[in-house]
Amino acid sequence: MRIIILGSSAGGGVPQWNCGCRNCVEARQDGRSRTQSSVAVSADGERWVLLNVSPDLRTQLAAHRALWPRGARATPVAAVILTDGEIDHTLGLLLLRESAARLPVYAPAGVTALLGHEWPVYRVLSAYAGVEPRTLPDAQPIALADVAGAPLGLCCSTVAVARRPPRYARTAPAQTFDVGLRMTDERTGGTFAYVPTASAVDDAVRRLAGGADLLFFDGTFWSDTELTAAGVDAPTARDMGHLPVGGPEGSLRLLPRLGAKRVVLVHINNTNPILCRSSAERAEVEAAGVVVGEDALEFEL
Ligand code: MLT
Ligand code: MN
Ligand code: ZN
């Protein structure tokens, strides 16, 4: 299984258009940027599954040769999986509207419902090629397939992770809005756990991560009050449904002990001090053997 981090940043990216925090200022000065959260996965290197699709998808697809079309309207993108219904993980669907065929989109039932109603992307896209919504059943492995039903060589099981609904859907009926994925390459047996949003390191996360060759985990915030400390009028990390990485109750203490061979932080917010290479927080992450995710980082399992 080949895995590419298309975008390592949380919603807004780095720099974020309206942000003058230290990381965003430095990113503008140095001409460096991080695009928004998305991962590409392939068993055969030919057909790719996008895990979440961000507003930066167009740039991300152009940045990787493996994702370039093979002919007129012949994309290697075979399917999309959504792990939640947040804007930063779903807006890229609108950018795929030129698709020549209905696009298979795997998502938990609660997210499929949101995209048909509160955030009506599926309704809008039905006037274009449209999507083929496919439900990710809870805790039941499924074989991923392209639009024609051809198997992609990847088995995927889903575990619901505790988290609040997206902000635009606070009144939506209680359902599963966030899941983690455990993907296995049917040929190599390589196992990849993907948990970009999590409010706890709990049994759900342990089930996803235990024995995996690689774990990508929610690295949104270092501390609970990071946004307010940066001068932003915003809720705490925990109120936003993200377990902070640092501190005595943070994820960093627990991540190296989940039984995953490698751990990489993804969905990192622009205010997070781990983005600064010389910060004490970055040193703490690296000392724990955990990797700070970067755009274009690749893995083979
Ligand atoms: C999140 O990950 O918490 C959301 O994407 C934040 C948001 O943009 O509302
Ligand atoms: Mn997000
Ligand atoms: Zn910023």
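No experiment lies behind these values; they were computed from the predicted model shown.

Once that is clear, we can look at the overall build of the protein. In terms of helices and strands, the protein carries nine helices and 14 strands. On C-alpha atoms alone, the protein measures out to a radius of gyration of 18 Å, which is about the 19 Å that the 2.2 N^0.38 rule sets for 301 residues. Projected onto its principal axes, the C-alpha coordinates of the protein cover approximately 50 × 40 × 40 Å. Within the span of the protein, comprising 301 residues, buried residues form 54% of the whole. Sequence-distant contacts in the protein: of pairs separated by 6 or more residues, those separated by 24 or more amount to 68%. Of the roughly 12,700 Å² of accessible surface on the protein, 53% is carried by carbon and sulfur atoms. With 29 positive and 32 negative side-chain charges, the protein shows a separation of 3 Å between the mean positions of the two kinds.

In total, this model carries one cavity of 30 Å³ or more according to the counting rule given. In this model, the largest cavity occupies a volume close to 50 Å³. What lines the largest cavity is simply L93, L96, R97, S99, L103, L125, A129, G130 and V131. Tallied by class, residues from the lining of the largest cavity come to six nonpolar, two polar and one charged.

A separate point is unusual backbone geometry. The step from V14 to P15 runs through a cis peptide bond, and the omega angle for that step is -5 degrees. Residue position: P15 is located in the loop between strand 1 (2-7) and helix 1 (22-30). Even without glycine at this site, A139 takes up a positive phi of about 60 degrees. Mapped onto the elements of the fold, A139 is located in the loop between strand 6 (131-135) and strand 7 (142-145). Overall, the relative accessible area of 43% leaves A139 in the partly exposed class. Backbone geometry places A296, a non-glycine residue, at a positive phi of 75 degrees. Mapped onto the elements, A296 comes out in the loop between strand 13 (291-292) and strand 14 (298-300).

Let's shift gears to the coordination of the manganese ion (ligand 2). For a metal bound by four donors in a tetrahedral arrangement, the ideal donor-metal-donor angle is 109.5 degrees, while six donors in an octahedral arrangement ideally sit at 90 or 180 degrees. Protein coordination of the manganese ion (ligand 2) is provided by D88 (OD) and H267 (NE2), with donor distances spanning 2.1 to 2.2 Å. Of this pair, D88 sits in helix 3 (residues 87-90) while H267 sits in the loop between strand 12 (263-266) and helix 9 (280-287), placing them 179 residues apart in sequence. A residue is classified by how much of its surface remains accessible, and H267, at 5% relative accessible area, is buried.

As a further point, take the site of ligand 1. Around ligand 1, the surrounding shell consists of E86, D88, R163, R164, R167, H242 and H267. A distance of 3.0 Å is found between an oxygen atom of ligand 1 and a side-chain nitrogen or oxygen belonging to D88. The side chain of H242 places a nitrogen or oxygen atom 2.7 Å from an oxygen atom of ligand 1. Alone, ligand 1 offers 270 Å² of accessible surface; in the complex the protein occludes 80% of this. For ligand 1, the cavity whose grid points lie within 2 Å of the majority of its atoms is the largest pocket. Its residues assigned to classes, the shell around ligand 1 comprises no nonpolar, two polar and five charged.

To continue, consider the packing of aromatic side chains. One pass over the full model with this rule turns up four aromatic pairs. Ring geometry for F192 versus F216: centroids 4.8 Å apart, planes at 80 degrees, classification edge-to-face. You can see F192 sitting in strand 10 (residues 191-195) and its partner F216 sitting in strand 11 (residues 214-218), a full 24 residues away along the chain. The exposure class of F192 is buried, given its relative accessible area of 0%. Centre to centre, the rings of Y194 and F216 are 6.5 Å apart; their planes meet at 75 degrees, and the pair counts as edge-to-face. You can see Y194 sitting in strand 10 and its partner F216 sitting in strand 11, a full 22 residues away along the chain. Like Y194, the residue F216 is buried in the burial classification. Among the aromatic residues, ring-to-ring pairing joins F192, Y194, F216 and F299 into one connected group.

Analysis parameters
Residues numbered from 1 in each chain as written. Chains lettered and ligands numbered in written order. Predicted model: local features only at pLDDT ≥ 70, side-chain atom pairs only at ≥ 80, totals over all residues. Heavy atoms only, no water. Helix = DSSP H or I, 4+ residues; strand = E, 2+ residues; numbered from the N terminus. Rg over C-alpha atoms; globule rule 2.2 N^0.38 Å. Buried < 20%, exposed > 50% of the residue type's maximum accessible area, 1.4 Å probe, protein only. Contact = heavy atoms within 4.5 Å. Areas by Shrake-Rupley, 256 points an atom, 1.4 Å probe, with all protein chains shown as cover. Lys, Arg positive; Asp, Glu negative; His and termini not counted. Charge placed at Lys NZ, Arg CZ, Asp CG, Glu CD. 1 Å grid on protein atoms, 1.4 Å probe; cavity = no way out; pocket = protein on both sides within 12 Å on 5 of 7 lines; lining within 4 Å. Points joined across faces, edges and corners; volume = space filled by probe spheres on them. Nonpolar A, V, L, I, M, F, W, Y, C, P; charged D, E, K, R; others polar. Donors = N, O, S within 2.8 Å, 3.2 Å for Na, K, Ca; no water. Near = heavy atom within 4 Å. Polar contact = N/O pair within 3.5 Å; in protein donor to acceptor, adjacent residues only side chain to side chain. Sits in = over half its atoms within 2 Å of the grid points. Phe/Tyr/Trp six-rings, centres within 6.5 Å; stacked < 30°, edge-to-face > 60°.

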